[in-house]
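A closer look at the structure
Below, each chain spelled out in residue letters.
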Amino acid sequence: MKVIMIGCGYVGLSTGSVLAYIGHEVTLIDSDAEKIAKLRAGELPIYERGLQEVLRASAGRISFTDDWDSFDSGADAVIIAVGTPIGEGGGVDLTCVEAAVQEIGARVGGGSMPVILLKSTVPPGTGSEMKALLQQKLAMRGMKSRISVVSNPEFLREGQTMFDSFYPDRIVVGIESDEEETFLATLYRPVLLQDFTPPLAIPRPGHTRLPPLVATDLTSAELIKYAANAFLAVKVSFINEFANLAESVGADITAVARGIGLDQRIGPQFLQAGIGWGGSCFGKDARAILHAGKRHQAELSIVRAALDANQTQRGQVAKKLGARLDTLAGRTIGLLGLAFKPGTDDLRDAPSLDIIRQLVGGGARVKVYDPAAMEKLACEHPMLSVEYCPTAESLFEGCDAVVLVTEWEEFLHLPYAELGERMRAKLLFDGRNVLDQKMLTDAGFTVCGVGRSDADGGREWLGAV
Ligand code: UGA
């Protein structure tokens, strides 16, 4: 099939390259000329594991342009994957989606009509509105032909977008006819059947089961996206609140999470307690659906609570350090990690930003180190008063406390015993509960985690004891 992808962000690039890899002819359009020039030169504007390799493997079937005039109106599918940030009134800003729809409406028609896929995360009802807009645009051009607009939300985790595109848990489509369903099943056929040769960089996991194509109406598909992100955010906020209780009553949240996660109705994932969730999606989407709920007189109090709990959780770092160190004023605090999660340099809605503000606000001197996100912090948040450290090791120098903010793999293997000697006081706040507490206490550290008192996390036996 001939596919046009509008938007060269994480979603557009990953999905576009995967569609090309599985055999489609893909053109990516983005208004950012600099980005397109880079892509044409073989450079990537973002880092995503495996993206470079997959793009190379599909080189003959993928092209990039910033020129709408090269839009091929004979394409089979046009996928809208542009940004949908929060607008001024708190609702979703659909400017980019509408602009894409206008461009499409000005160009399609004449011959066969492409199917328009709305992949951007948009409030329920938007697909129908965009369809009406397109139909209107066509009517203004004197065309009576019907156009198909379908919803096709994405569930891609940053850093794993290639894996999630090749081996999704499900593909959700919002449709209005059997023909649209058949079309989407054909577009995603190799992924649905898992009969493509896996790229070397993204091997097929052993346990892959075939992903179902979940076909529903347009609005339900749009709501599925928000419900999925809101549910995951609620799950993490839930375990974080229990972590705070665990601390107060002398329990260990890692044991609690393991104990409940083995119940298949609950599941083990997204029960990792920490200093709060972040990223470009959870907060944005939770706020957007709260706003939509309000507009439709449906109070989403649990989603609101998850957001509030998350803000409180971020505040725990400054609060606990202030208590442990008597005061924050004049103390030196080192932050290990800045990105909202490991494997990315993304700082959007990262807990580290609030933590820095709160520590600096309390009068502390803040040192930071992150293997990927320091340049971004300097560029995007030049007003934050922090000291950049060239290595994790140098971060420890003269600190009264060090906080592990992002669980980068390299932080698990630092020579902590040695590094502790460089500190003024050996206080370590493991904000992601990933470090070996015993090793740290043996090395003379006072360790504080999230939801972990001195309680022993417990043991486990399989079979008879
Ligand atoms: C999220 C969803 O997981 C994707 O399915 C979705 O497609 C995407 O948003 C989106 O809407 O585009 P992402 O933001 O990349 O993906 O990040 P996640 O890996 O889901 O992590 C989100 C945050 O939750 C991170 O800050 C992470 O540290 C935190 N988290 C996650 C926890 O604190 N504990 C956990 O157990 C899991």
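These remarks concern the structure in this document. Just so you know, the residues in each chain are numbered from 1, in the order the chain's sequence is written. Selection of residues for local features in this predicted model requires a pLDDT of at least 70, selection of side-chain atom pairs for listing and counting requires 80 or more, and totals for whole chains, interfaces and linings are taken over all residues. The side-chain numbers reported here are obtained from all heavy atoms of the structure, hydrogens and water having been left aside.

**A look at the side chain of Asp430**
Our working definition: Only DSSP runs of H or I with at least four residues qualify as helices, and only runs of E with at least two residues qualify as strands; both kinds are numbered from the N terminus onward. Exposure categories follow from relative accessible area, calculated using a 1.4 Å probe and restricted to protein chains: below 20% of the type maximum is buried, above 50% is exposed, and the middle band is partly exposed. In this tally, Asp and Glu contribute negative charge and Lys and Arg positive charge; neither His nor the terminal groups of the chain are included. Here, a salt bridge means any Lys or Arg side-chain nitrogen found within 4 Å of an Asp or Glu carboxyl oxygen. In what follows, residue pairs with any heavy atoms lying within 4.5 Å of each other are defined as contacts.
With respect to the element layout, Asp430 can be found in strand β13 (residues 427-430). Of the side chains with opposite charge, Arg452 lies nearest to the buried Asp430, which makes no salt bridge, at 4.7 Å. Residues in contact with Asp430, not counting those within four places in the same chain, are Leu404, Leu435, Cys448, Gly449 and Val450.

**Side note on the sheet that holds strand β12 (residues 401-404)**
What counts is decided by this rule: Think of it this way: DSSP has to see at least two bridges between two strands before they count as a pair. Axis geometry follows a simple rule: fit a line to the C-alpha atoms, using only the stretch in contact for helices, then measure angles between N-to-C directions, giving values from 0 to 180 degrees.
Across the sheet, which stays open at both edges, the six strands sit in the order β11-β10-β9-β12-β13-β14 with parallel pairing between neighbours. The open sheet has two free edges, formed respectively by β11 (387-388) and β14 (446-448), since each of these has just one partner strand. When β12 meets β13, the two strands line up parallel, connected through three bridges. Bridge pairing in β13 places Leu404 opposite Asp430. The strands touched by helix α12 (residues 301-324) are β9 (332-336), β12, β13 and β14; relative to β13, the strand with the most contacts, the crossing angle is about 160°.

**Considering the site of the ligand**
Stated precisely, the cut-off is as follows: In this text, near means that some heavy atom of the residue lies within 4 Å of the molecule or strand in question. As used in this structure description, the phrase polar contact means that two N or O atoms lie within 3.5 Å; if the pair is within protein, one of them must be able to donate a hydrogen and the other to accept it, and residues adjacent in sequence are counted only when both atoms belong to side chains. The protein chains shown are the only cover counted for residues, whose accessible areas, like all others here, come from Shrake-Rupley with a 1.4 Å probe. Three classes are used: nonpolar for Ala, Val, Leu, Ile, Met, Phe, Trp, Tyr, Cys and Pro, charged for Asp, Glu, Lys and Arg, and polar for all others, with Gly counted as polar. The start and end points of each domain follow an automatic or database-based domain assignment.
Taken together, 20 residues lie near the ligand, and Leu156, Glu158, Lys225, Asn229 and Gln272 sit nearest. Contacts to the ligand include Glu154, whose side-chain N or O atom sits 3.1 Å from an oxygen atom. Bound to the protein, the ligand loses 91% of the 720 Å² it would expose on its own. Broken down by secondary-structure element, the contributors of at least two residues to the shell around the ligand are α9 (218-249) and α11 (282-295). With four residues, α9 is the largest single contributor of residues to the shell around the ligand. Among the residues making up the shell around the ligand, the classes are represented as ten nonpolar, three polar and seven charged. Counting the residues that make up the shell around the ligand, at least three belong to each of domain 1 (2-216) and domain 2 (244-464).

Take it as geometry only, folks, not as evidence of what the structure does.
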